[in-house]
Amino acid sequence: MSLNLAHQTGAAAAVAPAAPRTAVVAAAAGTVSAPAVAPAAAPSLQLQTQTVDPAAPAQGPDLPMAFQALVESLPEEQHPDVGGEERRKVGVPVYVMMPLDTVRKDGNGLNRRKAVEASLKALKSAGAEGIMVDVWWGIAECEGPGRYNFTGYMELMEMAKKNGLKVQAVMSFHQCGGNVGDSVTIPLPKWVLEEMDKDQDLAYTDRSGRRNYEYLSLGADAMPVLKGRTPVQCYGDFMRAFRDHFAAFMGNTIVEIQVGMGPAGELRYPSYPESNGTWRFPGIGEFQCYDRYMLSSLKAAAEAVGKPEWGNAGPGDSGGYNDWPEDSPFFRREGGWNTPYGEFFMSWYSQMLLEHGERILSAASGVYTGTPGVKISVKVAGIHWHYGTRSHAAELTAGYYNTRHHDGYQPIARMLARHGAVLNFTCVEMRNHEQPQDAQCRPEELVQQVAAAARESGVGLAGENALPRYDETAHDQIVTTAAEKAEEERMVAFTYLRMGPDLFQPDNWRRFAAFVKRMTESGVRDVCREQVEREAQGVAHATGSLVHEAAVALSN
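Conventions used here
Within each chain, residues carry numbers counting from 1 in the order of the written sequence. Residues qualify for local features only when their pLDDT is at least 70, as the model is predicted, and side-chain atom pairs are given and counted only at 80 or more; totals for whole chains, interfaces and linings, by contrast, use all residues. The side-chain quantities take in all heavy atoms of the structure and omit both hydrogens and water. UniProt positions are given in the numbering used here, feature names are shortened, and annotations may be inferred rather than shown by experiment. Strands here are runs of E lasting at least two residues and helices are runs of H or I lasting at least four, both read from the DSSP assignment and numbered beginning at the N terminus. When a residue's accessible area, from a 1.4 Å probe over protein chains only, is under 20% of the maximum for its type it is buried; when over 50% it is exposed; and in between it is partly exposed. Polar contact is defined as a pair of N or O atoms within 3.5 Å, subject to the rule that within protein one atom must be able to donate a hydrogen and the other to accept it, and that residues adjacent in sequence are counted only when both atoms are side-chain atoms. The term disulfide is used for any two cysteine sulfur atoms that are within 2.5 Å. What is meant by a nonpolar core is a set of buried Ala, Val, Leu, Ile, Met, Phe, Trp, Tyr and Cys residues, joined one to another through side-chain atoms within 4.5 Å. Here a residue-residue contact requires only that any non-hydrogen atoms of the pair lie within 4.5 Å. Any carboxyl oxygen of Asp or Glu within 4 Å of a side-chain nitrogen of Lys or Arg constitutes a salt bridge here.

An unreviewed UniProt entry lists the protein chain under the name Beta-amylase, from Oryza sativa subsp. indica. Taken directly from UniProt, the Sequence similarities (unreviewed entry) text for the protein chain runs: "Belongs to the glycosyl hydrolase 14 family." UniProt, in the comment section headed Catalytic activity (unreviewed entry), describes the protein chain in these words: "Hydrolysis of (1->4)-alpha-D-glucosidic linkages in polysaccharides so as to remove successive maltose units from the non-reducing ends of the chains."

Here it is in structure tokens:
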């Protein structure tokens, strides 16, 4: 799936547009009380665990040779659980992201099928719980409204089930391409793009009029602009079709549905697009509120607070994509962000994003409630650059109203809690000292703040690494953050980015096997590092031929 962090170093029924919320009015009036900022002390991570009518609303540790013999003696469809079921209950299960182009663009099969088969067998042998895969809207509903093709995905689900692996399926309603790590391009369905060509205000738009085709503007969520359906109805119909098509896999093989809510699948605005060199790290990004649907909402919100002059546009002094906070009057230390107007605008802008999440989660809950064994999750971006400043400019442009005086992640966590959804967050592998200090990067504090919001809201927290990392330093940070907490405060899951030739290089694979064992073991603190390394070496030896096959096939 698309990366959920940009960094170069380390309800489906149509409804009328929502009226401005009381929170917006109160913010403009200066009556909103400032939530407490993230505590300085690091809190423990809270962990808890077909065509559809579009018009229709053990462990003693196994010795390597014994393990190999056991694998060879089993029927093909059976697989030993290297981790052990009891241990899994108290450990952190590890999933691995599949390549972005796992399924062919025509949807009819898998790319590099032999590589996928070998990879899944190797992952199972290393003790991985399962895989994560993007179910691309632009592939599965490409040909026309309500014409779904899940053939390639069915092949993958059957392969995962055969290898004893679970699946996190991502409902990817965004374009692949334009974000860090996007090695292929998969646009939105062509019939959606046709409608966007007719009405370009369906695309997110910045102050200069540049359109972004990564994801439909949330301003049009409730408008019947897609051949008679609203975008939210389209998302709901797609999720329903997926559920029905894979009914036999739901709850046993498919255990999580991650619902895409924006660019890179994240609940955010496309404020830092990399395509065509528009944005470069660590730029502050730009507000994305200049399509007519967003502007109409802004105008109504401003009139509701008796300040119609605030409704014509976003902040005119907020700078450009590649500026730094102090370059712009709006984001500088005592800038416009900390004025009544700034509080009004940021309250409106962030509230629009929250309401977007609420609408899509309502649709998802309507589809998957009553499906035992399936969790819903939402991905939140780890925007750690300029976190050490007062304004948190890069978070603000992305829609996270998180400043020195305002907690932007509690409202998101509470929204997820209302729907029983898991909060999936990134940056878990990052350490402050690895990042550019002049950009005030604070990934560790950001993870702590989000963990605190999840804990307070009773939301399960899942993690990912933001960038491909195969080194022990990154692994140590993940284990420290996720697995070495008290047993009652454990991550619900960790997803490792990403399967590819690099993962299957011998040294990387050995380190990965050791990492999985440390994550999935109970009593992690008591596990002897040397013992883990010995057992990982055994796994690496036992799976050598599979890993070599996967590495070669993925490289071609």
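Here the narrative resumes.
S.K.: Any chance you could explain the UniProt feature "active site" (unreviewed entry) in the protein chain here in plain terms?
M.R.: Per the UniProt annotation, the sites labelled "active site" (unreviewed entry) are Glu266 and Glu464. In three dimensions, the annotated residues from a span of 199 residues occupy one location, with a maximal C-alpha spread of 12.8 Å. Structurally, Glu266 is set in the loop between strand S6 (254–259) and helix H9 (292–304). Judged by relative accessible area, which is 0%, Glu266 ranks as buried. With respect to the secondary-structure elements, Glu464 resides in strand S9 (residues 461–464). Polar contacts involving the side chain of Glu464 include one to the side chain of Lys379, which spans 2.9 Å.

S.K.: Before we go on, may I ask you to explain the state of the cysteines in this structure?
M.R.: When the sulfur atoms of two cysteines share a covalent bond, that bond is a disulfide. Considering all chains together, one arrives at zero disulfides under this definition. Between Cys441, a cysteine without a disulfide, and Cys427, which holds the nearest cysteine sulfur, the sulfur-to-sulfur distance is 9.5 Å.

S.K.: How should the nonpolar core be read in this particular structure?
M.R.: By size, the foremost hydrophobic cluster in this structure holds 161 residues, and its most contacted members are Trp137 and Phe242. Residues contacting Trp137, with those up to four places away along its chain left out, are Cys142, Ser172, Phe173, Leu188, Pro189, Trp191, Val192, Leu216, Leu226, Cys234, Tyr235 and Phe238. Counting six residues, the second-largest nonpolar core is a separate cluster that includes Tyr95, Val255, Val422 and Ala493.

S.K.: I keep staring at the pattern of salt bridges and nothing clicks. Help me out?
M.R.: In a structure, side chains of opposite charge can pair up when their charged atoms sit close to one another. One pass over the structure, following the stated rule, counts 29 salt bridges. A salt bridge links Glu266 to Arg268; its shortest N-O distance comes to 2.5 Å. Note that Arg414 is salt-bridged to Glu456, the shortest N-O span being 2.6 Å. With a gap of 42 residues between them, Arg414 in helix H12 (residues 410–418) and Glu456 in helix H13 (residues 443–457) connect regions that are remote in the sequence. Classification of Glu456 by relative accessible area gives partly exposed; the value is 49%. Overlapping salt bridges, with partners in common, bring together Glu141, Arg229, Asp237 and Arg240 in one network.

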